[in-house]
Amino acid sequence: MNTTRRRFLQSSGALVIAFNLPAAIGPASAADDKSFAPNAYIRIDANGRVTMIVAYVEMGQGTYTSIPMLIAEELEVPLSSVRVEHAPPDERYYGNPLLGGIQATGNSNAVRGAWEPMRRAGAVARTMLVQAAAQRWKVDPASCRAEKGAVIHAASGRRLRYGALVADAAKLPVPKPDSVTLKPREQFKLIGTPAKRLDIAGKVNGTAQYGIDAKVHGMKVATIAISPVSGGKLRSVDDAAAKSVKGVRQIVRLDDAVAVVADHMGAAKKGLAALKIEWDDGPNARLSTADILRDMEAASSGSGAIARQEGDFGKAIAGAAKRVEAVYGVPFFAHATMEPMNATVHLRKDSCEIWTGTQVMARVQAAAAKVTGLPPEKVTVHNHLLGGGFGRRLEVDGVVRAVQLAMQVDGPVKLVYTRETDVQHDMYKPAFHDRFAAGLDAQGTPVAWSHRLTGSSVIARWAPPFFQKGLDGDTVEGAAETPYAFPNMLVEYVQHEPRGIATAFWRGVGPVHNVFVVESFMDELAAAAGKDPVAYRRAIADPRAKAVLELAASKAGWGRPLPKGVGRGIAVQSAFGSYQAQVAEVEVSPKGEVSVRRIVCAVDCGPVVNPDTVRAQMQSGIVYGLSAALFDEITLKDGRVEQTNFGDYRVLRINEMPQVDVHIVDSTAAPGGIGETATACVMPALTNAIFAATGKRIRRLPVGEQAVPT
Amino acid sequence: MAYQLKVNGSVHNVDVDGDTPLLWVLRDVLGMTGTKFGCGMALCGACTVHLDGAPIRSCITPVESVAGKAVTTIEAVGKTPAGREIQSAWLAREVPQCGYCQSGQIMSASALLATNPKPSDADIDQAMAGNICRCGTYVRIREGIKHAAQSLAKRKQS
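So, a few notes on the structure that sits alongside this text. Treat the numbers as computed from the prediction; the structure is a model and nothing was measured. (Residues numbered from 1 in each chain as written. Chains lettered and ligands numbered in written order. Predicted model: local features only at pLDDT ≥ 70, side-chain atom pairs only at ≥ 80, totals over all residues.)

Right, let's talk about the overall build of chain B for a bit. Each helix and strand in chain B was counted, giving five helices and five strands. The order of α-helices and β-strands along chain B, N terminus first, is β-β-α-β-β-β-α-α-α-α. Compactness check: chain B gives a C-alpha radius of gyration of 15 Å against a globular reference of 15 Å for 158 residues, within 12% of the reference. Its C-alpha atoms give chain B principal-axis dimensions of about 45 × 35 × 25 Å. Counting across all 158 residues of chain B, residues that qualify as buried make up 60%. Restricting to contacts in chain B with at least 6 residues of sequence separation, those with at least 24 account for 62%. (Helix = DSSP H or I, 4+ residues; strand = E, 2+ residues; numbered from the N terminus. Rg over C-alpha atoms; globule rule 2.2 N^0.38 Å. Buried ≥ 20, exposed ≤ 12 C-beta atoms within 10 Å, placed from the backbone. Contact = placed C-beta atoms within 7 Å.)

Right, dumping it as structure tokens:
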């Protein structure tokens with residue numbers, strides 16, 4: 001058992017509720033006492049303070065506020081009395097239910113996974129506290145109620161604070177989670193209100209601690225040059241000049257990298273610039289993006305694993321009144337988190353200590369154990385706030401480098417990537433090649449739909465058990481299931497892993513690619529049918545899609561005349577368990593410069609825990625999606641990533657920020673994700689708006705210079 | 001070589017090369033990690049501090065060029081009237097998400113408000129366009145600056 005958890009559980013005079021987040025996605029399995037293994041904890045101490053250990057990490061999405069709200073709602077305590085601790089790395093206890101028990105925060109599922117079990121845990125604790133009070137007063141528990149961290153017996157006017165009851169409550173048998181009653185929605189006091197985020201104060205006064213801020217006594221700072229070509233090796237280094245830089249302490253050679261260890265990052269960077277490095281570029285020395293795209297296109301000419309088949313596509317398209325075909329593509333995108341990759345490692349003879357910010361603590365621990373040969377329990381991971389995750393911190397490559405470095409350094413060392421290294425040695429959102437064909441009937445309605453997508457499966461590498469028969473749920477999400485009823489449908493996936501470039505999850509994962517291509521092609525079909533893009537979608541959309549579509553269109557003033565050069569575009573999606581539609585309004589200059597004036601979103605994510613967070617996440621996802629769709633692409637030349645920093649890998653700036661209006665649908669559907677949804681939806685809304693403004697169909701991202709009016 | 005720095009009112013002697021960027025002296029030598037590293041090329045604004053009240057990018061500012069001048073960082077900007085209003089507006093409007101860029105955003109916004117107590121949208125665009133936020137908090141940054149401007153005006157009236 002991990003020491004943090006043991007300390008947490010052993011503290012005396014407190015009520016500790018251990019509870020269980022279900023082990024896998026899908027229909028909930030019946031509670032089985034034998035297999036019950038608690039994996040999350042709430043502790044209420046004698047002062048009435050509530051501490052929760054949660055496995056989800058805070059990376060700006062408001063999880064550290066949303067998750068405690070769920071507990072506080074049922075426990076009947078003010079949100080301010082709930083404190084959150086990071087869970088220590090241990091997949092046996094803190095695996096994420098929706099990620100198959102892997103301890104990770106991602107896929108927009110923190111609130112989705114926690115919605116029911118966290119509320120039940122709060123209700124269990126409340127039930128025990130009420131019972132303890134009832135026993136003391138010798139009254140029926142049903143005559144007592146809990147409110148603001150206390151139990152009240154209204155008939156006699158008696159009141160006891162939780163802190164005074166925890167010792168008694170801890171001696172009671174713990175009721176089964178499914179035996180306690182949860183509040184109906186109408187009685188929610190916290191859920192659905194714009195609660196104050198719990199993590200803000202430190203982020204405005206400079207005291208918030210990110211991984212890069214770790215301070216360890218005697219620590220040196222290092223930066224690194226990694227083989228610019230994937231698969232290359234370090235051939236030789238002349239470090240004479242680097243060693244003479246003031247503050248440089250050591251040059252460390254790794255198999256495919258060289259690092260400069262110094263008193264501070266300024267000296268490390270200066271030392272790195274002074275190294276004369278020769279690389280052996282290896283087999284990818286001449287690789288270019290064009291080669292990769294050509295390979296992918298060739299792979300896409302065969303058939304793929306069938307992700308969805310309805311009716312008879314071949315027969316239906318043969319009999320269609322009109323046939324429409326198109327090829328789409330999305331490039332590699334970098335994450336470019338504001339906090340560059342970093343990790344601090346202190347390797348001793350029999351232990352390893354790591355300070356970093358990660359979405360996957362248990363993987364960091366396991367990776368460090370593997371590199372060092374230490375047993376995992378000898379590796380301690382101190383997690384920090386994340387200066388952006390976006391999927392980048394679901395990978396442990398940076399930590400592995402830091403551990404490799406630490407193996408050659410006496411004492412603690414902090415490895416910080418320069419921005420250039422961060423951009424050029426990211427693991428990128430995979431590029432895709434998409435072939436579409438559709439058949440329309442005489443009225444223009446799609447009667448046949450085929451989509452073959454070709455590209456990398458991140459799941460196949462990251463969680464191999466979830467890649468089955470050539471398919472995984474993420475890669476085809478938003479393609480296999482669309483918001484539309486197509487009577488004849490064939491969706492195929494061709495797994496193609498590109499040479500010389502590593503791929504990883506990126507905000508919006510599978511849907512961010514699929515929603516762009518599906519909603520763009522839908523727009524093409526509407527144009528081919530001579531129909532209004534909203535009306536065309538509406539006619540075949542499912543009810544939740546129809547609702548968000550209509551709401552977004554009406555709030556955006558869809559159909560109202562616009563000046564020349566200005567256009568509106570619509571996109572709708574069902575992804576991460578949520579629905580949304582966006583209307584983008586863009587202005588395109590005669591030279592093809594695009595300015596996004598306004599985005600109107602309608603969101604149905606089921607019950608909303610914190611509406612303020614939903615709005616913030618919509619704005620956030622839109623900026624992330626617009627930056628990539630408008631400007632960005634990672635390209636290779638001679639095996640090397642060509643982009644270097646925010647100068648050539650652009651991020652939307654405040655002067656380019658559109659007005660964003662968010663409308664939340666009052667929904668009774670199951671809770672859906674929110675953190676990544678807007679990133680996907682905004683891309684086709686943008687390009688469809690460019691089409692409306694210019695007649696130019698963007699089939700390949702980024703928009704770049706393509707928007708010149710035709 | 002040794003340089004004498006005045007940071008947040010305290011004097012520090014540091015022994016580094018004169019071309020060492022101020023950012024690394026603050027973070028790694030003085031241990032003041034509130035100022036953040038984002039790009040190293042003055043492209044993102046995460047490292048913004050004030051030099052005699054004016055916003056500068058500490059990642060490209062050699063330490064030798066700041067000797068004798070007053071450096072203010074996020075750790076002390078709350079002691080200035082504009083900085084205090086910006087920080088409290090950031091809390092009230094819940095501007096930060098991941099928060100990593102916010103030290104720089106707050107330093108740029110405080111410098112704007114100190115010289116322009118009633119900034120227009122265009123003024124905000126101009127002063128803040130050098131600060132990237134990957135979480136896309138721009139809507140709230142703009143609201144936060146306006147909120148702070150109003151609070152500052154009220155405070156001056158009373």
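It is worth spelling out the sheet that holds strand S6 (residues 150–153) of chain A at this point. All names here are of chain A. With antiparallel pairing, the three strands of this open sheet are ordered in space as S5-S6-S7. Two strands in the sheet have a free side with no partner beyond their single neighbour: strand S5 (144–147) and strand S7 (158–161). Shown here is a sheet whose adjacent strand axes are inclined to one another by a mean of 25°, direction ignored. As paired elements, S5 and S6 share four bridges and run antiparallel to each other. In the sheet register, Ala 146 faces S6, and the bridge partner there is Val 151. Contacts from helix H5 (residues 162–169) reach S6 and S7, with the element oriented near 75° to S7. (Pairing = 2+ DSSP bridges. Axes fitted to C-alpha atoms, helices over the stretch in contact; angles between N-to-C directions.)

As a further point, take the interface of chain B and chain A. In this assembly, 45 residues from chain B lie in contact with 50 residues from chain A. Those elements that place two or more of their residues in the side of chain B that touches chain A are helix H1 (22–29), helix H2 (81–92), helix H3 (102–115), helix H4 (121–128) and helix H5 (138–157) of chain B. Sorting elements by how many residues they give to the side of chain B that touches chain A places H5(B) first, with four residues. Taken together, the residues of the side of chain B that touches chain A sort by class into 25 nonpolar, 13 polar and seven charged. (Nonpolar A, V, L, I, M, F, W, Y, C, P; charged D, E, K, R; others polar.)

Another aspect to go through is the sheet that holds strand S5 (residues 70–72) of chain B. Residue and element names in this part refer to chain B. The sheet built from five strands is open, its strands ordered S2-S1-S5-S3-S4 with mixed pairing. Looking at which strands have only one partner, the edges of the open sheet turn out to be strand S2 (10–15) and strand S4 (54–57). Averaged over neighbouring strand pairs, the angle between their axes works out to 40° when direction is ignored. Relative to S5, strand S3 (residues 48–51) is paired through two bridges, and the arrangement is antiparallel. Looking at the pairing, His 50 lines up with Thr 72 of S5.

Attention shifts here to the packing of helix H15 (residues 509–529) of chain A against helix H19 (residues 677–694) of chain A. All names here are of chain A. Contact pair H15 / H19: the axes reach a minimum separation of 8 Å and the direction vectors enclose 30°. Here H15 lies roughly parallel to H19, going by the angle between them. Of the two possible hands of crossing, H15 and H19 adopt the one that is right-handed. Residue-level contacts link Pro 511, Val 512, Val 515, Phe 516, Glu 519, Ser 520 and Asp 523 of H15 to Thr 679, Ala 680, Cys 681, Met 683, Pro 684, Thr 687, Asn 688 and Phe 691 of H19. (Parallel < 35°, antiparallel > 145°, perpendicular 65-115°, else oblique. Left-handed = near helix turned anticlockwise from the far one by under 90°.)

Read these as layout, nothing more, since geometry by itself doesn't imply function.
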